[in-house]
Amino acid sequence: MSQRWADYRVFLGEFVRSFHSTGAILPSGRALARALARHVREGRGPRRILEVGPGTGAVTRWIIDGLDANDTLDLVEVNESFVRRLHERLKNDPLFRPAAERTRILHCPIEEVDGEGTYDVIVSGLPLNNFDADVVAQILDVMLRLLRPGGTMSFFEYVGVRPLRSLVSRRDERTRLRGVGQAIADARQGRAIGRNFVAPNVPPAWVHHLRSSADENQLANSMT
Ligand SMILES: C[S@@+](CC[C@H](N)C(=O)[O-])C[C@H]1O[C@@H](n2cnc3c(N)ncnc32)[C@H](O)[C@@H]1O
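Per-chain numbering applies: the sequence of each chain, read as written, is numbered from 1 onward. With the structure being a predicted model, the display of local features is reserved for residues of pLDDT at least 70 and the display and counting of side-chain atom pairs for 80 or more, all residues being used for whole-chain, interface and lining totals. The basis for the side-chain values is all heavy atoms of the structure; hydrogens and waters are excluded.

We now examine the overall build of the chain. Segments assigned H or I by DSSP are reported as helices when at least four residues long, segments assigned E as strands when at least two residues long, and all are numbered from the N terminus. Regarding its fold elements, the chain presents ten helices and seven strands. Taken against the 2.2 N^0.38 rule, which gives 17 Å for 224 residues, the C-alpha radius of gyration of the chain at 17 Å falls within 12% of a compact globule. For the C-alpha atoms alone, the extent of the chain along its principal axes is close to 50 × 40 × 30 Å. Throughout, exposure labels follow a simple rule: accessible area from a 1.4 Å probe, protein chains only, divided by the maximum for the residue type, with under 20% read as buried, over 50% as exposed, and the rest as partly exposed. Looking at the 224 residues of the chain, the share that counts as buried comes to 46%. Radius of gyration here is computed from C-alpha atoms only, and the compact-globule reference equals 2.2 Å multiplied by the residue count raised to the power 0.38.

Structure follows, in structure tokens:
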């Protein structure tokens, strides 16, 4: 079986078993993956790079493609089947093997990662629209804490998912979706440096790019 079909099979299985955290029926397509990895490709090393929610490695493949010689990569993944698949790919996949020595896999939720200002670039594939609003706010806070001042963070959301779901949902679900939108807007405020509309993805997606402020405390004060 080809690598791609092996990934589809693992992904579909986890979508059925753990819909809430997997959040997609298939791995990201090439256009979305490349848009998420954009700041890895465009920057210069040595850098510490973090990918959150790598799944079967659809985005990781493009992050590895953009690594400079002295960059290091950490992958934080909560799902054991995906962690196994990532270990396999680092060992056997010619696209992953060149980065094996400088890649660590952390098998835990991002909420449990300690540190401050550790990473120059963070790329997230988390399905934020599936989570409670306070969980989304906490996850975005953790990722911003882990980002060094001036570092970049990229994450995605499917276009129109919140308004569409809101149309057909009960009040508590509409409140949750509004809260998720607010948490994303708060994270972007004062930090957004652009977004890409990825039309070829199914469904189409926005990729948001943020730069952490040199003075995050001042930014927090200006928002209160
Ligand atoms: C939508 S999938 C994206 C997978 C992959 N990046 C891609 O684009 O195909 C979301 C991924 O995030 C992982 N995930 C969900 N919640 C997480 C958390 N709190 N911490 C770390 N990983 C998480 C899931 O297990 C899954 O691998």
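What follows concerns the side chain of Ser154. Within the fold, Ser154 resides in strand β5 (residues 147–158). We classify Ser154 as buried; its relative accessible area is 1%. Non-local contacts of Ser154, meaning those with residues more than four positions away in its chain, are made with Leu36, His39, Ile122, Val123, Ser124, Val207, His208 and His209. Working rule for contacts: check all heavy atoms of both residues, and any pair within 4.5 Å makes them a contact.

A separate point is the environment of Leu106. By the secondary structure assignment, Leu106 is in strand β3 (residues 103–106). The contacts of Leu106, once residues within four sequence positions are left out, are Leu75, Val76 and Glu77.

Right, let's talk about the pairing of β5 for a bit. Of all twelve residues that make up β5, nine are buried, and the element is covered over most of its length. Bridge count between β5 and strand β7 (residues 205–211): seven bridges; the pairing is antiparallel. The residue of β7 that forms the bridge with Met153 is Leu210. In this analysis, strands are considered paired if DSSP registers two or more bridges between them.

Before going further, it helps to examine the site of the ligand. Around the ligand, the structure places 25 residues, and the nearest of them are Thr22, Ser28, Gly53, Glu77 and Ile110. At a separation of 2.8 Å, a nitrogen atom of the ligand approaches a polar backbone atom of Gly53. Glu111 has a polar side-chain atom sitting 3.0 Å from a nitrogen atom of the ligand. For every accessible area listed, the method is Shrake-Rupley and the probe measures 1.4 Å; residues are considered covered only by the protein chains on display. Burial of the ligand by the protein chains amounts to 97% of its free accessible area of 590 Å². Whether a residue is near a molecule or strand is decided by its heavy atoms; if any one of them lies within 4 Å of it, the residue is near. Under this definition, polar contacts are N or O atom pairs within 3.5 Å; protein pairs additionally need one hydrogen-donor-capable and one acceptor-capable atom, and for neighbouring residues in sequence, both atoms have to be side-chain atoms.

What follows concerns the packing of helix α7 (residues 133–146) against helix α9 (residues 171–188). Taken N-terminus to C-terminus, the directions of α7 and α9 make an angle of 15°; their axes are 8 Å apart at the nearest point. Considering the angle they form, α7 stands roughly parallel to α9. For the crossing formed where α7 meets α9, the hand is right-handed. Here Ala133, Val136, Ala137, Leu140 and Leu144 of α7 come into contact with α9, specifically with Arg176, Gly179, Val180, Ala183, Ile184 and Ala187. Throughout, the ten residues Ala, Val, Leu, Ile, Met, Phe, Trp, Tyr, Cys and Pro are labelled nonpolar, Asp, Glu, Lys and Arg are labelled charged, and all others, Gly among them, are labelled polar. Looking at the contact of α7 with α9 residue by residue, the class counts come to nine nonpolar, one polar and one charged. Only the contacting stretch of a helix is used when fitting its axis, a line to C-alpha atoms as for every element, and angles between N-to-C directions run 0 to 180 degrees. Here the word oblique covers every angle except those under 35 degrees (roughly parallel), over 145 (roughly antiparallel) and from 65 to 115 (roughly perpendicular). Throughout, a crossing is termed right-handed when the near helix is turned clockwise from the far one, and left-handed when it is turned anticlockwise from it by less than a right angle.

Below, the discussion takes up the side chain of Asn130. Note on placement: Asn130 falls in the loop between β4 (119–124) and α7. What makes Asn130 buried here is its relative accessible area of 10%. A polar atom in the side chain of Asn130 sits 3.2 Å from the side chain of Arg165. Among all residues touching Asn130, those that are not within four sequence positions of it are Phe19, His20, Gly23, Arg165 and Arg176.

Glancing now at the sheet that holds β7. Read across the sheet, seven strands follow the order β3-β2-β1-β4-β5-β7-β6 without closing on themselves; strand pairing throughout is mixed. Every interior strand has two partners, whereas the edge strands, β3 and β6 (192–198), have only one. Across the sheet, the mean angle separating the axes of adjacent strands is 15° when strand polarity is ignored. With five bridges joining them, strand β1 (residues 48–52) and strand β2 (residues 72–76) adopt parallel strand pairing. Counted as the bridge partner of Ile49 is Leu73 from β2. With respect to the sheet, helix α6 (residues 80–92) is in contact with β2 and β3, its orientation differing from that of β3 by roughly 165°.

Within β4, six of the six residues are buried, which leaves the element mostly enclosed by the surrounding structure. In this sheet, β4 lies alongside β1 in parallel orientation, the contact comprising four bridges. When the sheet's bridge partners are listed, Ile49 is paired in β4 with Val121. Taken together, the five bridges between β4 and β5 define a ladder with parallel strand orientation. Counted as the bridge partner of Ile122 is Met153 from β5.

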